[in-house]
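# Fold and geometry: a report
One letter stands for each residue in the lines below.
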Amino acid sequence: MSLDKKIWQNIPLSTVLVVLPIFLFFISFLIGRYPLSPPEVIIALLSKILPVKTASPAVYSIVWEIRLPRIIAALVVGSALSISGASFQGIFQNPLVSPDILGVTSGAGFGAALALLLSGSPFMVQLSAFCFGLIAVTLTYTIGSSFRGSKTLVMVLCGIAIAALFSAFISITKYLADPYDKLPAIVYWLMGSLSNTSLDDVYIVLIPMIIGFSVLLLIRWRINILSMGDEEAQSLGIDISRLRVVIIICCTLLTAAAVSISGIIGWVGLVIPHVTRMLVGPDYKKLLPATICTGGFFLLLVDDVARNLTQIEIPLGILTAIIGAPFFLYLLRKGNEGWS
Amino acid sequence: MKSHVEVVDASFAYNGSGNIFENINFSIKKGEVLCVLGPNGTGKTTLIKCLNRILKLNSGDIFLKGKDICSFNRKDLSRQIGYIPQGHSPVFPFTVLDVVLMGRAPHLTSLSSPSEKDYKIAQKALKKLNIAHMANKPYTELSGGEKQLVFFARVLTQKPDVLLLDEPTSHLDFGNQMRTLNIIYKMAEGGFTVIMSSHFPDHAFISADKVAIMKDCKLIDYGTPEEVITKENLEKAYNIKVKIMDLEGGRKICIPLG
């Protein structure tokens, strides 16, 4: 009986969580340096499948080649970072953990910097960022597993060390880079941006993204149990080391894929899970699907601001930090953020 | 009648250090309550964790209905053995219902979430312990006694037939201690085989069928409460003077004299 009531109370909220990102998805096509009207956008979007003609080829190319890739990338990157952050907070039993806790962003940052230094081809940058992100986490995990003691704590400490190591490598590449050409490219990449996203970038990361999202959604209820502590989870029949590895692999695939499209975007993976917990509660069965909506919505909103607020684009990573950090402090003050 | 849980020559040591306990032997029947007594640091908690295979014995065996517990996989083992840890606080404020629902994990496939049926089982367990009104309260805001009840409800949802409890009464007030012992007694009547560690010899008189006393890594005595909880054994175990008195109604009580 109370269960039915619960579902009733959740219907409006879950609808809102789904409808808002879809609404923003369409709004985002309209705004930009070249404003479009809703009919223009609708005709342009439909022209791919229906025999209708857009007013001008320019409108078609703005919608399909510039705005659509960027909008999809913002939604996907925001969702990926948020769902990974929420999952990591659960398995490390620590609400202050973000997706880069095991060094994935520093590794990816180094991979991108190295590729920018050596070749500069966008495809190589993305591939190298993705691979070095995976390498960094693999290092953290193998070194962390070889120690005795509390696995979660050791893992986090190893992650900090590996992240520091790769940050040093990033500094070396910056130091070696040509200050007029390569260095600005590296610095700009590290600040995070979606301005050069093409649909190809999104296609490349499609497979790791799909794997990450679907596996996490399938096992999400078990993250509840894992967050109660290792011994309790074991006594409830959970194979904790296997489950933890699966979750770490999924989060790493998602984060590395996200970072390889967008560069380093901080705070989303830390703040969005908390905001979502305030909305739907801590139960991972509801939390993970909800973070996909809130994370995608948030990053799309921030990206719309980034490309419309001023004449020149503001790097996304800067904006998420400017919005995220004060908001996080506000949450801490408010005190009912969904963890104690 | 055959034994339900049997421990044979069990020894445990953390890697590279001395034995926490050694040569432990005992067996209990279905529906019996075993209370493990002993001073701090004698390995009671470690023994409980070994019984649940959270830790693995260095030598010796533990048998569940005659089968070695090492031959079970985690999931099958958790359908047989339930565990109530010492009080703790999770990081996230799950509702009481969510916590109780976790007991369904051993009965679900690895990719599924609890269904309507599982919710019903969890709610039935809450009703049985008279805490149905707390279902939507955050677990983290409960008192120690209420948390203990939630754990019992979770064990009922988990439906094992052995129940391990690590010092179930240690953080509770006078009244809650007795209420907890009553629940343990009732669960044993309902068919649970119970193994618990405790700091209170009196509690063994109240609720236990068998008592084991551990001291310096070893079991110094094992048997019924009347046989084992003696002046000599308690003085040996705790290094204090003890008096054991008979209360009206045949119950006994231990008084430490210092």
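Treat the numbers as computed from the prediction; the structure is a model and nothing was measured. (Residues numbered from 1 in each chain as written. Chains lettered and ligands numbered in written order. Predicted model: local features only at pLDDT ≥ 70, side-chain atom pairs only at ≥ 80, totals over all residues.)

## A word on the overall build of chain B
- On a plain count of helices and strands, chain B comes out with nine helices and 12 strands.
- Radius of gyration (C-alpha) of chain B: 19 Å, near the 18 Å computed for a compact globule of 258 residues.
- In terms of overall dimensions, chain B has a C-alpha envelope of 55 × 45 × 40 Å along the principal axes. (Helix = DSSP H or I, 4+ residues; strand = E, 2+ residues; numbered from the N terminus. Rg over C-alpha atoms; globule rule 2.2 N^0.38 Å.)

## Concerning the sheet that holds strand β3 (residues 33-37) of chain B
All names here are of chain B.
- Taken in spatial order, the six strands of this open sheet run β6-β7-β8-β3-β9-β10, and their pairing is mixed. Of all strands in the sheet, those bounded by a partner on one side alone are β6 (81-84) and β10 (218-223). On average, adjacent strands in this sheet sit at an angle of 15 degrees to one another, irrespective of strand direction.
- Sheet strands touched by helix α6 (residues 174-189): β3, β7 (162-165) and β8 (193-197). Its angle to β8, the strand with the most contacts, is close to 150 degrees. (Pairing = 2+ DSSP bridges. Axes fitted to C-alpha atoms, helices over the stretch in contact; angles between N-to-C directions. Contact = placed C-beta atoms within 7 Å.)

## Topic: the confidence of the model for chain A
- Taken residue by residue, chain A gives an average pLDDT of 89. The fraction at 70 or more is 94%.
- For chain A, helix α1 (residues 2-30) of chain A is the element with the lowest average pLDDT, namely 80, and helix α9 (residues 206-226) of chain A is the one with the highest, namely 96. (pLDDT = per-residue confidence, 0-100.)

## Focus on the environment of leucine 45 of chain A
Residue and element names in this part refer to chain A.
- With respect to the helices and strands, leucine 45 occurs in helix α2 (residues 38-46).
- C-beta crowding within 10 Å serves as the criterion here: with 18 such atoms nearby, leucine 45 is assigned to the partly exposed category.
- Sequence separation between leucine 45 and serine 87 is 42 residues; the distance between their C-alpha atoms is 35 Å. (Buried ≥ 20, exposed ≤ 12 C-beta atoms within 10 Å, placed from the backbone.)

## Here we look at the pairing of strand β4 (residues 59-64) of chain B
Residue and element names in this part refer to chain B.
- Note that strand β1 (residues 3-13) and β4 share five bridges and pair antiparallel. By the bridge assignment for β4, valine 8 is matched with aspartate 61.
- Of the pairings in the sheet, the one linking β4 to strand β5 (residues 67-68) comprises two bridges and is antiparallel in character. Its bridge partner lying in β5, phenylalanine 63 is registered against aspartate 68.
- If you look at the hairpin formed by β4 and β5, you'll find two residues sitting between the two strands, and lysine 65 has a positive phi there, around 50 degrees.

## Considerations on the packing of helix α4 (residues 104-118) of chain A against helix α5 (residues 122-145) of chain A
Residues and elements named next belong to chain A.
- Interhelical geometry of α4 versus α5 gives an angle of 145 degrees and a closest axis separation of 7 Å. Both α4 and α5 take part in a crossing whose hand is right-handed. On the side of α4, the interface is formed by Val104, Ser106, Gly107, Ala108, Phe110, Gly111, Ala112, Leu114, Ala115 and Leu116, while α5 contributes Met124, Val125, Ser128, Ala129, Phe130, Cys131, Phe132, Gly133, Ile135, Ala136 and Val137.
- Grouping the amino acids of the contact of α4 with α5 by side-chain chemistry returns 16 nonpolar, five polar and no charged. (Left-handed = near helix turned anticlockwise from the far one by under 90°. Nonpolar A, V, L, I, M, F, W, Y, C, P; charged D, E, K, R; others polar.)

## A short note on the interface of chain B and chain A
- With 28 residues of chain B in contact, the opposing surface of chain A contributes 28 residues.
- The element best represented in the side of chain B that touches chain A is helix α2 (residues 74-80) of chain B, accounting for three residues.

## Quick notes on α9 of chain A
- Under the 1.5 Å per step criterion, the end-to-end length of α9 of chain A is 28 Å for 21 residues, consistent within 8% with the ideal 30 Å.
- The sharpest bend along α9 of chain A comes to roughly 60 degrees, located at arginine 220 of chain A. (Expected span 1.5 Å × (residues − 1). Bend = angle between axes of the 7 residues up to and from the residue.)

## Quick word on the environment of asparagine 239 of chain B
- Note that asparagine 239 of chain B resides in the loop between α9 (231-238) and β11 (242-246).
- Taking the C-alpha atoms as reference points, asparagine 239 of chain B and proline 39 of chain B, 200 residues apart in sequence, are found 9.3 Å from one another.

## Quick look at the nonpolar core
- Val77, Leu254 and Ala257 of chain A together with Val100 and Val194 of chain B are the most contacted members of the largest nonpolar core, which has 168 residues in total.
- Broken down by element, the residue count for this core peaks at 15 residues, all from helix α3 (residues 57-91) of chain A.
- With residues up to four places along the chain from it excluded, the contact list for leucine 254 of chain A reads Ala80, Ile83, Ser84, Met209, Gly212 and Phe213 of chain A. (Core = buried A, V, L, I, M, F, W, Y, C linked by C-beta atoms within 7 Å.)

## Observations regarding the sheet that holds β4 of chain B
All names here are of chain B.
- The four strands lie next to each other as β2-β1-β4-β5, forming an open sheet whose pairing is antiparallel. Two strands close off the open sheet at either side, each with one partner strand: β2 (19-29) and β5.
- Packing against the sheet, helix α1 (residues 44-51) makes contact with β1, β2 and β4, and its axis sits at approximately 60 degrees to β2.

## Focus on unusual backbone geometry
Residues and elements named next belong to chain A.
- In this model, glutamine 93 sits at a positive phi of 50 degrees, which is unusual for a non-glycine residue.
- Counting through the fold element by element, glutamine 93 comes out in the loop between α3 and α4.
- Its 17 C-beta neighbours within 10 Å are what place glutamine 93 among the partly exposed residues.

## Here's the deal with the pairing of β7 of chain B
All names here are of chain B.
- Alternating residues of β7 divide into Val162 and Leu164 and Leu163 and Leu165, and every residue in both groups is buried.
- As defined by bridge partners, β6 adjoins β7 across four bridges and the pair is classed as parallel. Paired with isoleucine 84 across the strands is leucine 165, a residue of β7.
- Alignment of β7 against β8, held across four bridges, turns out to be parallel. Residue valine 162 lies in a different strand from β8, and its bridge partner there is threonine 193.
- Traced from β7 through α6 to β8, the parallel crossover comes out right-handed. (Right-handed = clockwise from strand over helix to strand, strands pointing away.)

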